[in-house]
Amino acid sequence: MPDIHPGSAIVERTHGREKDARLFRHVMACLDRSPDAARILDEAVLLANQTGADLTAMRVVPAGSSTVQCADPVDWELTKRDETADILRMSDTVGATTDIRAIVACGSPARCIHDEALRSDVDLLVLGTGTFGPPSRWSLGGTARHLAEVFHGSVLLVPDDIAGEPPRTRRIIVPMDGSSASEAALRFAAAIARARGAELVILHAFSHVGAFDPGRTQQGDQVLWHEIREEAARTAEDRLERLRRLLPVHRPGNRVRRLSGDEPRRALMKAICEERGELVVISARGLGNDPDLPIGSTAEYLLSRAVTPILLIRNAETRSHRAGGAAPRRPAALRQLP
């Protein structure tokens, strides 16, 4: 059966919130019928309420050879009504204070969501790591993986299982590598932390210079090794000092945490588990600006092992956040959605 995009059901419910300058202008929660859908909608509503963003809740009925309710006009109309009513019932339980639009479509979930997000000028997608599909090569569902790669805006991924008990202290975590993209993501993290009255913790990880082995070096190598190690230490300290200057001072708990180890990504993952934050904010790309990669290796690593909601910031300049041109272009074969 071909993808069916026309005929989406749209219901608007206005709560009369005044619009203002916003980090995000339009948030779309992508909901399936799983028990995790309520938590996904809750995260979307929280950000929409705090930023004054428009809010859309979308559900896609996957099209397949046995999905007769998508093909028959009467069955499809009944299906749209049932699914829309279910979305609106969910929205009543999470306390949305901004406009809510419920959309029901039929077809490929990734394609329907992507097309609707472009059509509605959405700049933040919220979905679960297993929404509309089982885990795949990233330990993400196929839909989550494709949208994280190709969507031009930001993506908030909510893991199926949140590790441990809810944190006692509200805390927003932002990994930074000194790149301009991570500094732009910090502005989003700081604004969210301020709105929630949460602590802001910057994590900065760097690799150790390898240990010196006198049995495998020539004369003079020891001096060179010490010079390299000292230069790396100075660079790390300069970067930490710059991060401290960037840290907002609205809350005493705000701090910069220096991480070290042979593998910075593992150090970041360990620190995220230790800090027990309610949200991790990270830029989609950092210092490793490989145009062939849709997402940086650190972001990919953290997303595939998410234990808390992760907000992936793309096009992080607030004045042009919805501009899709900054996302790297990929070969046509890789850009196709299922």
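Computed from a predicted model, the values in this text were never measured in an experiment.

Explain the nonpolar core to me, and be specific about the residues and the numbers.
If you look at soluble globular proteins, the nonpolar side chains tend to sit buried side by side. If you look at the biggest cluster of nonpolar residues, it comprises 51 residues, and the most contacted ones within it are F24, I172, L200 and L311. For this core, the element with the highest residue contribution is helix α6 (residues 180-196), accounting for 8 residues. Setting aside anything within four residues of it in sequence, one finds L311 in contact with F24, L124, V155, L156, I192, L279, V280, V281 and I282.

Help me get a handle on the pairing of strand β6 (residues 154-158), residues and values and all.
Counting buried positions over the 5 residues of β6 gives 5, a clear majority of the element. Neither face of β6 is open: one carries S154, L156 and V158, the other V155 and L157, and all of them are buried. As paired strands, strand β5 (residues 124-128) and β6 are joined by 5 bridges and run parallel to one another. When the bridges of β6 are listed, L127 appears paired with L157. Pairing analysis gives 3 bridges linking β6 to strand β11 (residues 310-313), with the strands arranged antiparallel. Paired with L156 across the bridge in β11 is L311.

Would you mind going over the confidence of the model for the protein chain in detail, with residue names and values included?
Taken residue by residue, the protein chain gives an average pLDDT of 77. The fraction at 70 or more is 66%. Within the model, pLDDT remains below 50 along residues 1-20, and this stretch shows 62 contacts once partners closer than five positions in the same chain are excluded.

Talk me through the packing of helix α8 (residues 264-275) against helix α9 (residues 297-304); I want residue IDs and the actual numbers.
The contact between α8 and α9 brings their axes to 10 Å, and the two run at 40°. In this view, α8 runs oblique relative to α9, as classed from their interaxial angle. For α8 against α9, the interelement crossing comes out right-handed. Together, R265, R266, L268, M269 and I272 of α8 and S297, T298, Y301 and L302 of α9 make up the contact between the two elements. Here the contact of α8 with α9 is built from residues that sort into 5 nonpolar, 2 polar and 2 charged.

Kindly report on the packing of aromatic side chains, identifying the contributing residues and their values.
Under the counting rule described, the total for this entry stands at 1 aromatic pair. Arranged with centres 5.4 Å apart and planes meeting at 45°, the rings of F24 and F188 form a pair that is tilted. Here F188 lies in helix α6 and F24 lies in the loop between β1 (4-13) and β2 (26-30), a separation of 164 residues in the sequence. The same class applies to F24 as to F188, namely buried. The ring of Y301 is capped by R305, whose NZ or CZ atom sits 3.8 Å from the centre of that ring.

Which residues make up helix α4 (residues 109-119), and what are the values?
Considered for burial, the residues of α4 that qualify are P109, A110, C112, I113, H114, E116 and A117. Just past α4, the residue D121 takes up positive phi, approximately 60°.

Would you mind going over the packing of α4 against helix α5 (residues 142-150) in detail, with residue names and values included?
For the pair α4 and α5, interaxial distance at closest approach is 9 Å and the crossing angle is 35°. Classified by chirality, the crossing of α5 by α4 is right-handed. Contacts between α4 and α5 involve P109, A110, I113 and H114 from the first element and T143, L147 and V150 from the second. When grouped by side-chain class, the residues that make up the contact of α4 with α5 number 5 nonpolar, 2 polar and no charged.

Cut-offs used in this document
- All residue numbers refer to positions counted from 1 along the written sequence of the respective chain.
- Reporting of local features is limited, given that this is a predicted model, to residues whose pLDDT is at least 70; pairs of side-chain atoms are given and counted only at 80 or more, and all residues count toward the totals for whole chains, interfaces and linings.
- Think of the side-chain values as coming from all heavy atoms in the structure, minus any hydrogens and water.
- Residues grouped as a nonpolar core are buried Ala, Val, Leu, Ile, Met, Phe, Trp, Tyr and Cys residues, joined through side-chain atoms within 4.5 Å.
- Remark: exposure states derive from per-residue accessible area (1.4 Å probe, protein chains only) relative to the maximum for the residue type, with buried under 20%, exposed over 50%, and partly exposed in between.
- Under the DSSP-based scheme used, a helix requires at least four consecutive residues in state H or I and a strand at least two consecutive residues in state E, with every element numbered from the N terminus.
- Contacts are residue-level and defined by heavy atoms, with any inter-residue pair within 4.5 Å sufficient.
- Here, a strand pair is defined by DSSP locating no fewer than two bridges between the strands.
- Here pLDDT means the predictor's own confidence in every residue, given as a number from 0 to 100.
- Only the stretch in contact is used when fitting a helix axis, every axis being a line fitted to C-alpha atoms; angles between N-to-C directions are given from 0 to 180 degrees.
- When describing relative orientation, an angle under 35 degrees is termed roughly parallel and one over 145 degrees roughly antiparallel, while 65 to 115 degrees is termed roughly perpendicular and anything else oblique.
- For any helix crossing, the convention is left-handed if the near helix is rotated counterclockwise from the far helix by under a right angle, and right-handed if that rotation is clockwise.
- Under the scheme applied, nonpolar residues are Ala, Val, Leu, Ile, Met, Phe, Trp, Tyr, Cys and Pro; charged residues are Asp, Glu, Lys and Arg; polar residues are all the others, including Gly.
- Pairing of aromatic side chains here covers Phe, Tyr and the six-membered ring of Trp, requires ring centres within 6.5 Å, and sorts the geometry by plane angle: under 30 degrees stacked, over 60 edge-to-face, intermediate tilted.
- Two limits define a charge over a ring: the Lys NZ or Arg CZ must be within 6 Å of the ring centre, and within 35 degrees of the ring normal.

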